[in-house]
Amino acid sequence: MGETLKPVVAGFNRSLSIETRAERLTGDPGAVLLREVLDATDIVPWMTAQMKDDRREADVVHDLPSLVRTMVLLAAQGWRDHDDADALRHDPAMRLAVSSSAGLTPFSERGLASQPTLSRCAAMLAQPDNLKVLRQAALELAGRNLRSENGGERRDRITLDVDSLPVEVHGHQPKAEWNGHYKTRIYHPLVTSIAETGDMLDARLRPGNVGTAEGALDVILDVVDRAEASLCKITHVRIDAGFPSGTLLAGLEARGVHHVARLRANPALDRLAAPHMKRPVGRRPTEPRMWTHELDYQAGTWDEPRRVVLVVKERPDDLLLDRFFLVTSISRFQMDGQALLDHYRQRGKAEGHMGELMDVLDPALSSTNRAKSHVRGKKPKKVTPAVDAFACNEVRLLIAMLAYQVMHVARRAMTRTTKTPWSLRRLRERVLRAGARLVISARRMTLILAEAAAPFWAAVWPQIQMLRGASP
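Right, let's walk through the structure included here. (Residues numbered from 1 in each chain as written. Predicted model: local features only at pLDDT ≥ 70, side-chain atom pairs only at ≥ 80, totals over all residues. Heavy atoms only, no water.)

## Considerations on the packing of helix α12 (residues 347-361) against helix α13 (residues 389-418)
Point 1. At a minimum axis distance of 10 Å, the contact between α12 and α13 shows a crossing angle of 110 degrees. In terms of their interaxial angle, α12 and α13 are classed as roughly perpendicular. Both α12 and α13 take part in a crossing whose hand is right-handed. Residue-level contacts link His 353, Glu 356, Leu 357, Val 360 and Leu 361 of α12 to Ala 400, Met 401, Ala 403, Tyr 404, Met 407 and Arg 411 of α13. (Axes fitted to C-alpha atoms, helices over the stretch in contact; angles between N-to-C directions. Helix = DSSP H or I, 4+ residues; strand = E, 2+ residues; numbered from the N terminus. Parallel < 35°, antiparallel > 145°, perpendicular 65-115°, else oblique. Left-handed = near helix turned anticlockwise from the far one by under 90°. Contact = heavy atoms within 4.5 Å.)

## Comments concerning the packing of aromatic side chains
Point 1. Applying the stated criterion across every chain yields a total of four aromatic pairs.
Point 2. Taking the centre distance of 5.2 Å and the plane angle of 80 degrees together, the rings of Trp 422 and Phe 456 count as edge-to-face. Taken together, the positions of Trp 422 in the loop between α13 and α14 (424-432) and Phe 456 in helix α15 (residues 454-465) put the pair 34 residues apart, joining distant regions of the chain. No difference in accessibility class separates Trp 422 from Phe 456, as the two residues are buried.
Point 3. With a centroid separation of 6.1 Å and an interplanar angle of 10 degrees, the aromatic rings of Trp 457 and Trp 461 are classed as stacked. Note that Trp 457 and Trp 461 are positioned in helix α15 at a spacing of four residues, about one turn of the helix.
Point 4. Using a relative accessible area of 8% as the deciding quantity, one classes Trp 457 as buried.
Point 5. Its guanidinium or amino end placed over the ring of Phe 107, Arg 24 lies 5.4 Å from that ring's centre, counting from NZ or CZ. (Phe/Tyr/Trp six-rings, centres within 6.5 Å; stacked < 30°, edge-to-face > 60°. Buried < 20%, exposed > 50% of the residue type's maximum accessible area, 1.4 Å probe, protein only. Lys NZ or Arg CZ within 6 Å of the ring centre and 35° of its normal.)

## Here's the deal with the packing of α12 against α14
Point 1. One can describe the packing of α12 onto α14 by two numbers: an axis separation of 9 Å at closest approach and a directional angle of 40 degrees. In terms of orientation, α12 and α14 fall into the oblique class. Contact residues: α12 offers Glu 356, Asp 359, Val 360 and Leu 361, while α14 offers Leu 424, Arg 425 and Arg 428.
Point 2. Taken together, the residues of the contact of α12 with α14 sort by class into three nonpolar, no polar and four charged. (Nonpolar A, V, L, I, M, F, W, Y, C, P; charged D, E, K, R; others polar.)

Rendered as structure tokens:
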């Protein structure tokens, strides 16, 4: 904006004066910490080595790794829009964190990439081959972190939670549609995460009017293949009542992937459940309780009967019992009804992590189909085609997911060393967005942190260094 605050005196305390000075102050020192996570896992070179940069060399001011780091770190620090890069153009911590240069060179460069440059980068990342690499990056980052926690070895097993999320959009975004269930105009992405650890592995942007299970089988099998190559030996899948079609269940079983899913009630299931909808003998409890019954059931679209567990719920103030149904490929000898119920109820953790993705990262999906009218202030000799705005919005979603994953690595490191749980919001407010000052003396730089943040940085920094060498 260009304004400079002239010295003023606070009315509530005449001894306090307020002014601005040309000092290297920052409110985003956490960008340096997160850059250390990116470097320790070596994920950015892994990505950019597989990506195609189709810019002319003479036009390149910011190399591809610095652009990717800029987009990820802006999202992680809570700056949702590319326009924010202009406001932070000369922020010392951000300039150091995104630059591919060493020493004091980042301060002799032009600063952060501008909004048009970042938008062109998003369009470049939206190309199919680049988009594939970007999608794989979150799972690769999760794999490197989890292997480092597990002594370099893959885990024995993990549980994949798959769910669809509404992302409300405004304006004329391509393929954004009115969804009658959510009663708003949305995209309807499919997100895959690990319930045990909270890692986000995959996100697929879909039009707003698609069904919950549309395309789910191909997505799940793709993530299972990549997870078993990098993360674990065996995967289980948990899904909610919108997913279990006969095709999806048969596809998972054909690949040997165990699943557990909630089933929507229907008259046939209610008839099977009726003999079991009775309260146990004795006085009614003062607290809610649940119990299970084993059923065999074959829906009209299923090719064979499957194990269904009836879960009966009793609440003290309700006259009637409630119930729901779980279908699974796990045998009752591997997991009885109560154990299966406990396993399924852990989906709440995954839903909480997905809620963090949408709340804390809050991806702004706002790309539209507009052809470029000016290049560096001049009209081009020929009209350039409009970008694939739907793919650009998927890039924004994947960048937000990658930012979540980088923060999540830092969050897990903080949890290990402090022995207390951390939310992403608390991590950002207490650790990443503390005040700091950068002091330069000769050829050396010192980032001086606010005293309130120093103990957290001292705790998490050694944990981040343990990530080095975790890459394949």
